[in-house]
Amino acid sequence: MTDALLRIDVSRIRTNLMTLRAHIAPARVMFVVKDDAYGHGVDAVAAAGVQAGISWFGSFDVPTGLRVRAVAPTARVFTWDVATDEQITAALAADLDVGVGDRHVLERVAAVARGRGIRIHLKIDTGLHRNGVRAEEWPDFVARAKTLQDAGDVTVVGIWSHIAEASENDDEEARTVYERAVDIARAAGLSPDVLHLAASAAGYDRSTFRHDLVRFGAFGYGVRSTDGPDIPGIAPAATLFTRVSAVRGDEVTIAYGSLDGLPTTLGGHITVGTPGGPQPLVRVDPATSVVAQWPDAAVGDTVAIFGPGILGESSATTLAEAIGTVGEEILVRVSPLVPREYIDPEARGARR
Ligand SMILES: *Cc1c(COP(=O)(O)O)cnc(C)c1O
């Protein structure tokens, strides 16, 4: 059993979201809460989103969408992974919006929803080849969607895609493909009024990528882009703490290891926050890790592995950069067995 704790500042999440809302207005924020809200815990995070005035959530799968619906009764909830007929039925019952990225799924969703006009968003493949209808098949696809809409089975409310955000040229090409697909859908008689293409980086940086909605995941949690700048008004919300379990010679053992979610490759590459200031992480073992000793290190001392500056330690993104991955990867790896604790300093202040 780990001594670790992931502490989440929900007022920070609200502030991040309000910063994003103001920055991209009049476009709106879709707050992406997949992967248990990037490891932060979907129930509390979605509730924070509602408090911040978020009107759209992106859930990836239906079970997550249902959990969002429980705390956000009036929000629009977009799910783009309907794997089974049962999930389509559940999505319909909970009034979720459904992303449809291929012809078979379109037929299946329409068949399950028969006559009930389920809200769908059609996905064009703009180059990522992850799912999405290829440009050459798009005219047939939208024509079929129009027929199913006329029959009352589906209501096409959105057109969407996903981009790599790796190179500006590729993104611009993707945007051209996307916008052409929207024109083709309109020419086929559809009237989608929710257009969404970009995620955090492109949506924040470039107004031409915002359309009606930007799907923000990372930035909502304060995870900046790898090698990207800090953004005013956005900061990490999660701090990962653990405790010292042994002090031997010049090694301090902390109760958090690779089985808890810490990549072994971080050993030798980062510092962690200790009562003696930042100290090198020497090694990551399965159940524990080893930190260089500081004066007076004692069993039971609190050590922060990442988080917003409390003991001078790194953010999840800084850790990620040390091993060539992205901040959200560090967060989603934190074991579900690590308790999540929610603090809300602003709410406490407001009540007094
Ligand atoms: C994860 C995801 C996002 C959010 O991406 P960030 O870079 O974390 O903002 C947006 N859209 C889709 C389809 C996703 O899967």
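Definitions and cut-offs
Residues numbered from 1 in each chain as written. Predicted model: local features only at pLDDT ≥ 70, side-chain atom pairs only at ≥ 80, totals over all residues. Heavy atoms only, no water. UniProt positions renumbered as here; feature names shortened; annotations may be inferred. Helix = DSSP H or I, 4+ residues; strand = E, 2+ residues; numbered from the N terminus. Rg over C-alpha atoms; globule rule 2.2 N^0.38 Å. Buried < 20%, exposed > 50% of the residue type's maximum accessible area, 1.4 Å probe, protein only. Contact = heavy atoms within 4.5 Å. Areas by Shrake-Rupley, 256 points an atom, 1.4 Å probe, with all protein chains shown as cover. Lys, Arg positive; Asp, Glu negative; His and termini not counted. Charge placed at Lys NZ, Arg CZ, Asp CG, Glu CD. Polar contact = N/O pair within 3.5 Å; in protein donor to acceptor, adjacent residues only side chain to side chain. Near = heavy atom within 4 Å. Nonpolar A, V, L, I, M, F, W, Y, C, P; charged D, E, K, R; others polar. Axes fitted to C-alpha atoms, helices over the stretch in contact; angles between N-to-C directions. Parallel < 35°, antiparallel > 145°, perpendicular 65-115°, else oblique. Left-handed = near helix turned anticlockwise from the far one by under 90°. Phe/Tyr/Trp six-rings, centres within 6.5 Å; stacked < 30°, edge-to-face > 60°. Lys NZ or Arg CZ within 6 Å of the ring centre and 35° of its normal. Core = buried A, V, L, I, M, F, W, Y, C linked by side-chain atoms within 4.5 Å. Domains from an automatic or database assignment. Buried area = accessible area lost by both parts, 1.4 Å probe. Salt bridge = Lys/Arg side-chain N within 4 Å of Asp/Glu carboxyl O.

An unreviewed UniProt entry lists the protein under the name Alanine racemase, from Microbacterium koreense. Heading Cofactor (unreviewed entry) of the UniProt record for the protein holds this comment: "pyridoxal 5'-phosphate".

> Got a minute to help me understand the overall build of the protein in this structure?
For the protein, the count of helices and strands is twelve helices and 16 strands. Against the 2.2 N^0.38 benchmark of 20 Å for 352 residues, the protein shows a C-alpha radius of gyration of 22 Å, consistent with a compact globule. The principal-axis extent of the C-alpha atoms belonging to the protein is close to 75 × 40 × 40 Å. Buried positions account for 51% of the 352 residues belonging to the protein. Put simply, of all contacts in the protein between residues at least 6 apart along the chain, 65% involve residues at least 24 apart. With the model as given, the accessible surface of the protein reaches about 14900 Å², and the carbon-plus-sulfur share is 50%. In the protein, the 34 positive side-chain charges and the 45 negative ones have mean positions that sit 5 Å from each other.

> Hey, could you run me through the side chain of serine 161 in this one?
Tracing the backbone through its elements, the reader meets serine 161 in the loop between strand E7 (154-160) and helix H8 (168-187). Judged by relative accessible area, serine 161 falls into the buried class, the value being 1%. Only 2.7 Å separates the side chain of serine 161 from the side chain of threonine 126, close enough to count as a polar contact. Residues within four places of serine 161 in sequence aside, it is in contact with Lys123, Ile124, Asp125, Thr126, Tyr178, His196, Leu197 and Arg215.

> How do you make sense of the site of the ligand when you look at a structure like this?
In the neighbourhood of the ligand, the contacting residues comprise Val32, Lys34, Tyr38, Trp80, Trp160, His162, Ala199, Ser200, Arg215, Phe216, Gly217 and Ala218. Between the ligand and tyrosine 38, the relevant distance is 2.6 Å, taken from an oxygen atom to a side-chain nitrogen or oxygen of the residue. Taking serine 200, its side chain carries an N or O atom lying 2.5 Å from an oxygen atom of the ligand. A total of 390 Å² of accessible area belongs to the ligand in isolation, and the protein chains cover 89% of it. For the shell around the ligand, a count of residues per class yields seven nonpolar, three polar and two charged.

> Even after reading the chapter, I still don't get the packing of helix H5 (residues 85-93) against helix H6 (residues 103-113), so can you show me in this structure?
Two quantities define a packed helix pair, namely the angle between the helix axes and the distance between the axes. Packing of H5 against H6 brings their axes to within 10 Å, and their N-to-C directions diverge by 60°. Taken together, the axes of H5 and H6 lie oblique to each other. In the crossing of H5 with H6, the sense of the turn from one axis to the other is right-handed. Counting all contacts with H5, which are made through Asp85, Ile88, Thr89 and Leu92, the residues of H6 involved are Arg108, Val109, Val112 and Ala113. In terms of residue class, the contact of H5 with H6 is made up of five nonpolar, one polar and two charged.

> Any chance you could explain the packing of aromatic side chains here in plain terms?
In the structure shown here, the tally under the stated rule is ten aromatic pairs. The interplanar angle of 85° and the centroid separation of 5.0 Å between the aromatic rings of phenylalanine 78 and tryptophan 160 together place this pair among those described as edge-to-face. Placement of the pair is phenylalanine 78 in strand E4 (residues 76-81) and tryptophan 160 in strand E7, with a sequence separation of 82 residues. Accessibility assignment for this pair places phenylalanine 78 and tryptophan 160 in one class, buried. Relative to phenylalanine 219, the ring of phenylalanine 216 has its centre 6.3 Å away and its plane inclined at 25°; by these criteria the two rings are stacked. Here phenylalanine 216 falls in the buried class, since its relative accessible area comes to 0%. Since its relative accessible area comes to 4%, phenylalanine 219 is described here as buried. One residue, arginine 175, lies across the ring of phenylalanine 209, its end atom 5.3 Å from the ring centre.

> Could you clarify how one ought to interpret the nonpolar core in this entry?
Burial of nonpolar side chains together is a common tendency in soluble globular proteins. Counting residues in hydrophobic clusters, the biggest one holds 100 residues, and the most contacted among them are Phe31, Ile120, Leu122 and Phe306. Residue-level mapping places this core at the junction of two domains, with at least three residues from each of domain 1 (10-221) and domain 2 (238-351). Not counting the four nearest positions on each side in its chain, leucine 122 is found in contact with Val100, Trp138, Phe141, Val142, Ala145, Val156, Gly158, Ile159, Trp160 and Leu190. Of all hydrophobic cores here, the second largest spans six residues; its members include Met30, Trp56, Phe78 and Val194.

> Sorry if this is basic, but what is going on with the domain arrangement of the protein here?
Many descriptions give the size of an interface as the accessible area lost when the pieces come together. Taken as a whole, the protein is organised into domain 1 (10-221) and domain 2 (238-351). Distance from the C-alpha centre of domain 1 to the C-alpha centre of domain 2: 34 Å. Each partner contributes to the interface: domain 1 provides eleven residues, whereas domain 2 provides eleven residues. Summed over both partners, the interface of domain 1 with domain 2 comes to about 960 Å²; 53% of that surface belongs to carbon and sulfur atoms. The largest contributions to the domain 1 side of the interface with domain 2 come from Val10, Tyr38 and His40, which together make up 44% of the buried area. Counting across the domain 1 and domain 2 interface gives two salt bridges. Between arginine 14 and aspartate 344 there is a salt bridge whose closest N-O contact spans 2.9 Å. Here domain 1 and domain 2 share four residue pairs in polar contact (both at pLDDT 80 or more) between them. Of all the elements in the fold, those that place two or more residues in the side of domain 1 that touches domain 2 are helix H1 (10-24) and helix H2 (34-38). Of the residues forming the side of domain 1 that touches domain 2, the biggest block, four residues, is contributed by H1.

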